[in-house]
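# Secondary and tertiary structure notes
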Amino acid sequence: MDVAPLIHKLADTHSLSLDEYEALIVNRSEASAKLLRNLAVRERVRIYGRTVYVRGLIEVSNICRNDCLYCGIRRSNPNCERYRLTPEEILSCADEGYTLGFRTFVLQGGEDSYFNDDVLGSVVREIKSRHPDCAVTLSMGERSRESYAYLRECGADRYLLRHETADETHYTQLHPREMSYAHRMNCLHELRELGYAVGCGFMVGSPFQTAKHIAQDLKFIETFRPEMCGIGPFIPHKDTPFKDYPAGTLELTCYLLSIIRLIHPSVLLPATTALGTIDPMGREKGIMSGANVVMPNLSPVNVRKKYELYDNKICTGEESAQCRECLNSRMKAIGYEIVTCRGDVIREAV
Ligand code: 5AD
Ligand code: FES
C-alpha cells in the first residue's frame, strides 16, 4: 500500500482516523519515512526555524514507590542504589545550569514521598525567585490535584507525565495492579485544567505494543493537544521483568517523531536520551526527523549512573559533565543551533 496520500492528508489536516494511523505505521517504507521527514522538518523550520530548545534535566531522586515493569528504578529492584538530592544540591545544579545558559529546569524523579508539597514547593519557589526568567518543569509522577495546584502556585510552569500507552489493556500489561490508566489520564486532565503546559508521551517498542496501540497513542495526542510530547525507544533494564524483551528501534521512533510534528506543528518535541542511547547519532537523527528540544543532564555526575531507567544510558560518565557543550557542537554539526531562552511553545497564527 502506498501511504503517500495519507501523509499528505496528515500534513494538510493534522488528523487521521485510527485505521489510517495504523496503516501509516504498518505500511511504512524508506520512501514514506523520507516524505514524512521532509514535511515534518518543513513545519518545524516554519515555526521554530533551525533553533533547538534546551532543558537542564535534574534527576532529583531515584527512590520510587511505584513498580512499573519496564523501569530500572522500580521499588522491587534491590540492585538499584538509591539516592536523593538535597534541596541545596538541586538549587546548586540550577545555579550552575543558569550560568551555562539553561532557562528551563526539569526536576525529574521517582515517586519519592520525601518530595512532599512542602519540600518540592520550596525548591520550586526558590528556583523561581533566584531565576525569575526561567521556566520550571516538573516530572515527578502522579500526585493529587491539590498537590498539582499547590506546586503551580509555587511557580511550576510545566509538567511532564507520559501517558505510557493510550490503550487500557496495554497499560495494565506494563504496570502493577495498583496503578491505573484512568488515574493516569485523570492526572493529565487535572494538570491541563490547572494551567500547566502539559507533556504526555510513550515508549516506542514497549513489550506487547502493536501498531494499533501506537495508532491510539497518536489519536490521543491529536485530541489531547499536549504542549510537549516525549517519546523514546523502550530499552530493557537487566533488573526488571522485561529484561529479555527487545529494544524499540531508532527507525520507528524517528518515523513517529515526524508524524507527531505533523499532527501538532507547534508541539515541543524532544530528541530523548533514550534515542541517543540506542544510536550514537540518535538525538541528531531525532532532530532531523522533526524534534526541536534536547534535554541534557545537569545532575551531579556522582548520581548519574544511579538514575538508570534502562541499561547503558548515555551521559553517566565523568566525561559528560558538560553535556551542554557536547550538544551545542552536535547540533551545530547538523545545521541547528541551541538557543538560550525559556523555549515556550509558539502558538501559530493559523
Ligand atoms: N526504556 C525506555 N524508557 C523508559 N522509561 C522508563 N523506563 C524505560 C525503559 N526501560 C521512560 C518512561 C517514563 C520516563 C521517565 O522514562 O516512559 O515515563
Ligand atoms: Fe551528555 Fe554529550 S550530551 S555527553
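Throughout what follows, the structure given in this document is the object of discussion. (Residues numbered from 1 in each chain as written. Chains lettered and ligands numbered in written order. Predicted model: local features only at pLDDT ≥ 70, side-chain atom pairs only at ≥ 80, totals over all residues. Heavy atoms only, no water.)

By the element assignment, Arg74 lies in the loop between β2 (56–61) and α4 (87–100). For Arg74, a relative accessible area of 10% translates into the label buried. Within the structure, Arg74 has its side chain in polar contact with the backbone oxygen of Cys68 (distance 2.9 Å). Contact partners of Arg74, with chain neighbours within four places excluded, come to Asn66, Asp67, Cys68, Leu69, Arg82, Thr240 and Pro241. (Helix = DSSP H or I, 4+ residues; strand = E, 2+ residues; numbered from the N terminus. Buried < 20%, exposed > 50% of the residue type's maximum accessible area, 1.4 Å probe, protein only. Polar contact = N/O pair within 3.5 Å; in protein donor to acceptor, adjacent residues only side chain to side chain. Contact = heavy atoms within 4.5 Å.)

In this section: the pattern of salt bridges. Counted under the stated rule, the structure contains 30 salt bridges. A salt bridge links Glu59 to Lys313, with the nearest nitrogen and oxygen atoms 2.8 Å apart. Of this pair, Glu59 sits in strand β2 while Lys313 sits in the loop between α13 (301–304) and α14 (323–333), and the two are 254 residues apart along the sequence. For the pair Glu59 and Lys313, one class covers both residues: buried. Of the charged contacts in the structure, one is a salt bridge between Asp279 and Lys285, with a shortest N-O distance of 3.2 Å. Relative accessible area serves as the criterion here: at 31%, Lys285 is assigned to the partly exposed category. By sharing partners, the salt bridges in this structure join Lys128, Asp157, Arg158, Arg342 and Asp344 into a single network. (Salt bridge = Lys/Arg side-chain N within 4 Å of Asp/Glu carboxyl O.)

What follows is about the sheet that holds strand β8 (residues 293–294). Sheet architecture is open: three strands sit in the order β8-β1-β9, paired in parallel fashion. Of all the strands in the sheet, the pair left with one neighbour each is β8 and β9 (337–339). Bridge analysis of strand β1 (residues 51–54) against β8 gives two bridges, and the strand direction is parallel. Bridging across to β8, Tyr53 finds its partner in Val293. On the sheet, α14 packs against β1, β8 and β9 and is oriented at approximately 135° with respect to β9. (Pairing = 2+ DSSP bridges. Axes fitted to C-alpha atoms, helices over the stretch in contact; angles between N-to-C directions.)

With that settled, consider the side chain of Gln209. Relative to the helices and strands, Gln209 resides in the loop between β6 (197–204) and α9 (211–224). For Gln209, a relative accessible area of 18% gives the class buried. Polar contacts involving the side chain of Gln209 include one to the main-chain carbonyl oxygen of Met203, which spans 3.0 Å. Those residues in contact with Gln209 that lie beyond four places of it in its chain are His170, Phe202, Met203, Val204, Ile214 and Asp217.

Geometric descriptors of this kind do not, in isolation, establish any biological role.
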